[in-house]
Amino acid sequence: MFKQKHFLALGAVTLVALLFLSLPQRVTARLKLAVGSLFLPLSSLGATAQQLPADLADDVLPRRELLQQISRLQQENQQLKVQALQAATMGLENEQLRDQLRWQRQTPWKIKLANVVMRDPANWWRTVQIDLGSDSGVTENLPVLTSDGLAGRIAAVWPTHSQVVLIGDPNCRVSALINNPAHDIGVVNADGILDNTLADLTYLSGTAVLKPGEEVVTSGLGGVFPKGIPIGRILDSRQVEFGLYTEARVKLWANLGTLEQVWVMFR
Amino acid sequence: MSKPNTTLIYVTAFLAVFGQASLPGLREWFGAQVDLLPALIVYAALHASLVNLGLLAVFGGLFFDSLSANPLGITILPLFVTGLVLFQQRDLILRDLAFAQGLLGAAASAVVPLMTVLLLLSAGKPLLLGWGSLWQWAVMIAGGAVATPVLFAVFNGFNHAFDYKLRSESSFRPDREIRRSRI
């Protein structure tokens, strides 16, 4: 049976837990920062330890292979330069056409590279922490991308690091547009607990006709994500609630399970 | 339990949470991360004082929640309640048997996330839950069952290394020694 001191201990710990849970959000954020910053020295130590094998491998790489890599990179660089020149010409043409049609000019994306330093230890969230914070100008709700497509948005910001809530987490819903003739619009939602590359596209109209392979991009609605960021492609679709609306599974371009570096998009 | 061992428990809790957040662990292979805090709570419940058990639940919970999207403090209560139940029954538990340790680790690893999820749902938080969560839960239980005996072995080894050793009783009695002398 429980002794009196057991009840006292349970009461004391419950009180402590309730105290933390009832704190205002701003205080909780500061406390999280204070406790979380205890891990920062370990985090940088871990990053150094992870870098060490790569550095060692660099030291023992044969000269011939390095020269081959340089030659390959030079060729790639030449190709990219030509592509950049083409893109710049097309961009100029696009701006001129926009001016002629009096459309609003598109602002170029300002992006900053960040390293993923930690993942959520709990299995019921899909968040990561990156090494860019408010000191680097990061604010809440900024879009986060990979080189393949959209990854998520900034959920919480501290001076030196931020928390990114990834697509597939219930707290990250994205208004999405399908690149089909009807330009159907839906909301990308959580799916695929075990598969990080799947998400659900919900709230599509009941008459939407989707084909596997159609591209899904951000719609620009909602004000968080700018229009046109690639999200993924349609895998399959089904009618829900007796044909009232349509749902589809989306294969995400970004592999959220193996994220190491992401781009934060500034407005 | 010796002071170095108590300190080691807190340090291990800190490192375990850091490891869960920064290392892929079983996440890449099995789609779920194993939580080592329930295994630590089992050890603390069977070896530490009630105060240390409470402090481990509070600090371990705070460490975990600070790196997670959980509200700060939500993990404290599940850890402590699980530990308290074991603490109250600890005289009846065969704590030196690896099988018992594994079973307790599995039970704690099952109860702690379940209680945390129930608390989060009752707080109205939308969670990433589905049929796949059952698989994740099974991985966590299996991970806890394996990790607990290992932690017990490590802590017991540490305890033997730093604690005062028991003086072994010898059958030799000086008063009954047969002394040699000249006849």
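Residues numbered from 1 in each chain as written. Chains lettered and ligands numbered in written order. Predicted model: local features only at pLDDT ≥ 70, side-chain atom pairs only at ≥ 80, totals over all residues. Heavy atoms only, no water.

Participant: So what exactly am I meant to see when it comes to the overall build of chain A here?
Facilitator: For chain A, the count of helices and strands is four helices and 12 strands. The globule rule puts the C-alpha radius of gyration for 267 residues at 18 Å, and the 24 Å found for chain A is more than 25% above it. Counting only C-alpha atoms and orienting by the principal axes, one finds that chain A spans roughly 80 × 65 × 35 Å. With 267 residues in all, chain A has 37% of them scored as buried. Within chain A, counting contacts between residues at least 6 apart in sequence, those at least 24 apart form 55% of the total. (Helix = DSSP H or I, 4+ residues; strand = E, 2+ residues; numbered from the N terminus. Rg over C-alpha atoms; globule rule 2.2 N^0.38 Å. Buried < 20%, exposed > 50% of the residue type's maximum accessible area, 1.4 Å probe, protein only. Contact = heavy atoms within 4.5 Å.)

Participant: What is the right way to read the overall build of chain B from this model?
Facilitator: Helix and strand counts for chain B stand at seven helices and zero strands. Radius of gyration (C-alpha) of chain B: 21 Å, far over the 16 Å computed for a compact globule of 183 residues. Considered along the principal axes of its C-alpha atoms, chain B spans approximately 95 × 30 × 30 Å. Here chain B holds 183 residues, and 51% of them are scored as buried. Contacts in chain B between residues at least 24 apart in sequence constitute 72% of all its contacts with a sequence separation of at least 6.

Participant: I tried to follow the sheet that holds strand β8 (residues 198-205) of chain A on my own but got confused; where do I start?
Facilitator: Neighbouring strands of a sheet are bound in pairs by backbone hydrogen bonds; such pairs are parallel or else antiparallel. Residues and elements named next belong to chain A. The six strands lie next to each other as β6-β7-β8-β11-β10-β9, forming a closed barrel whose pairing is antiparallel. When strand polarity is set aside, the average angle formed by the axes of neighbouring strands in this sheet is 40°. Strand direction decides the pairing type here: strand β6 (residues 174-178) and strand β7 (residues 185-189), joined by four bridges, are antiparallel. Each bridged residue has a counterpart across the sheet, and for valine 174 the counterpart in β7 is valine 188. (Pairing = 2+ DSSP bridges. Axes fitted to C-alpha atoms, helices over the stretch in contact; angles between N-to-C directions.)

Participant: For this particular structure, what's the right way to read unusual backbone geometry?
Facilitator: Most peptide bonds take the trans configuration, and most residues that are not glycine carry a negative phi. Residues and elements named next belong to chain A. Its identity as a non-glycine residue notwithstanding, histidine 183 has a phi of 50°, on the positive side. Locating histidine 183 in the fold gives a position in the loop between β6 and β7. A positive phi angle, close to 55°, is found at tyrosine 203, a residue other than glycine. Given the relative accessible area of 51%, tyrosine 203 is considered exposed.

Participant: Help me understand the packing of helix α3 (residues 37-47) of chain B against helix α4 (residues 50-67) of chain B in this model?
Facilitator: The axes of two packed helices give the description: the angle between them and the distance between them. Residues and elements named next belong to chain B. Two numbers describe how α3 lies on α4: the axes approach to 10 Å, and their chain directions differ by 170°. As summarised for this structure, α3 and α4 are arranged roughly antiparallel, according to the angle between their axes. On α4, the residues touching Leu37, Leu40, Ile41, Ala44 and Ala45 of α3 are Leu53, Leu56, Ala57, Gly60 and Phe64. Along the lines of polarity and charge, the residues of the contact of α3 with α4 split into nine nonpolar, one polar and no charged. (Parallel < 35°, antiparallel > 145°, perpendicular 65-115°, else oblique. Nonpolar A, V, L, I, M, F, W, Y, C, P; charged D, E, K, R; others polar.)

Participant: What is the right way to read the interface of chain A and chain B from this model?
Facilitator: Note on interface size: it is often stated as the accessible area lost on association of the parts. The interface of chain A with chain B comprises 41 residues on the first partner and 50 residues on the second. Where chain A meets chain B, there are zero salt bridges. For the side of chain A that touches chain B, the secondary-structure elements that each account for two or more residues are α1 (4-21), α2 (25-36), α3 (40-60), β1 (110-119) and β2 (127-130) of chain A. If you tally residues by element for the side of chain A that touches chain B, the top one is α1 of chain A, at 10 residues. Considering only residue class, the side of chain A that touches chain B consists of 24 nonpolar, 12 polar and five charged. (Salt bridge = Lys/Arg side-chain N within 4 Å of Asp/Glu carboxyl O.)

Participant: Would you explain the nonpolar core in this entry?
Facilitator: Nonpolar side chains tend to gather and get buried jointly when the protein is soluble and globular. Counting residues in each nonpolar core, the largest one holds 56 residues, and the members touching the most others are Phe39 of chain A together with Leu40 and Leu53 of chain B. Residue assignment for this core shows that the elements contributing at least two residues are α1 of chain A together with α1 (3-22), α3, α4, α5 (76-88), α6 (98-122) and α7 (131-162) of chain B. Among the nonpolar cores identified, the runner-up in size contains 41 residues, and Ala151, Phe225, Ile234 and Ala254 of chain A belong to it. (Core = buried A, V, L, I, M, F, W, Y, C linked by side-chain atoms within 4.5 Å.)

Participant: I keep staring at the packing of aromatic side chains and nothing clicks. Help me out?
Facilitator: For any two aromatic rings, the description comes down to two numbers: the centre-to-centre distance and the angle of the planes. All names here are of chain A. For the coordinates displayed, the defined rule picks out 10 aromatic pairs over all chains. Consider the rings of tyrosine 203 and tyrosine 245, whose centres lie 6.0 Å apart with planes at 20°: the pair is stacked. Of this pair, tyrosine 203 sits in strand β8 while tyrosine 245 sits in strand β11 (residues 245-252); the two residues are 42 residues apart in sequence, bridging distant segments of the chain. Classification of tyrosine 245 as partly exposed rests on a relative accessible area of 22%. (Phe/Tyr/Trp six-rings, centres within 6.5 Å; stacked < 30°, edge-to-face > 60°.)

Participant: Would you mind going over the packing of α1 of chain B against α7 of chain B with me for this structure?
Facilitator: All names here are of chain B. Contact geometry for α1 and α7: axes closest at 9 Å, N-to-C directions at 145°. In terms of crossing hand, the pair formed by α1 and α7 is right-handed. Touching Pro4, Asn5, Leu8, Ile9 and Thr12 of α1 are Leu151, Phe155, Phe158, Asn159 and Phe162, all from α7. When grouped by side-chain class, the residues that make up the contact of α1 with α7 number seven nonpolar, three polar and no charged. (Left-handed = near helix turned anticlockwise from the far one by under 90°.)

Participant: Where do I start with the confidence of the model for chain A in this structure?
Facilitator: In low-pLDDT segments, the atomic positions of the prediction should not be examined closely. Here chain A averages 86 in pLDDT, and 97% of its residues register 70 or above. Model confidence for chain A, summarised as mean pLDDT per element, is weakest for α3 of chain A at 76 and strongest for strand β5 (residues 162-166) of chain A at 93. (pLDDT = per-residue confidence, 0-100.)

Participant: Teacher, can you tell me more about a nonpolar patch on the surface here?
Facilitator: Residue and element names in this part refer to chain A. Taken together, the side chains of Trp109, Ile111, Leu113 and Trp263 define a hydrophobic patch exposed on the protein surface, amounting to about 380 Å² of accessible area. Tracing the backbone shows tryptophan 109 in the loop between α4 (63-101) and β1. Since its relative accessible area comes to 44%, tryptophan 109 is described here as partly exposed. (Patch = residues over 30% accessible without salt bridge, like charges linked within 9 Å, V, L, I, M, F, W, Y side chains within 5 Å. Areas by Shrake-Rupley, 256 points an atom, 1.4 Å probe, with all protein chains shown as cover.)

Participant: Would you explain the environment of aspartate 184 of chain A in this entry?
Facilitator: Residue and element names in this part refer to chain A. On the secondary structure map, aspartate 184 appears in the loop between β6 and β7. Exposure remark for aspartate 184: the relative accessible area of 10% places this residue in the buried category. Taking the C-alpha atoms as reference, aspartate 184 lies 28 Å from glutamine 100; in sequence the two are 84 residues apart. Beyond its immediate stretch of four places on either side in the chain, aspartate 184 contacts Ala176, Leu177, Ile178, Leu204, Ser205, Ala208, Val209 and Leu210. Within the structure, aspartate 184 has its side chain in polar contact with the side chain of asparagine 180 (distance 3.0 Å). (Polar contact = N/O pair within 3.5 Å; in protein donor to acceptor, adjacent residues only side chain to side chain.)

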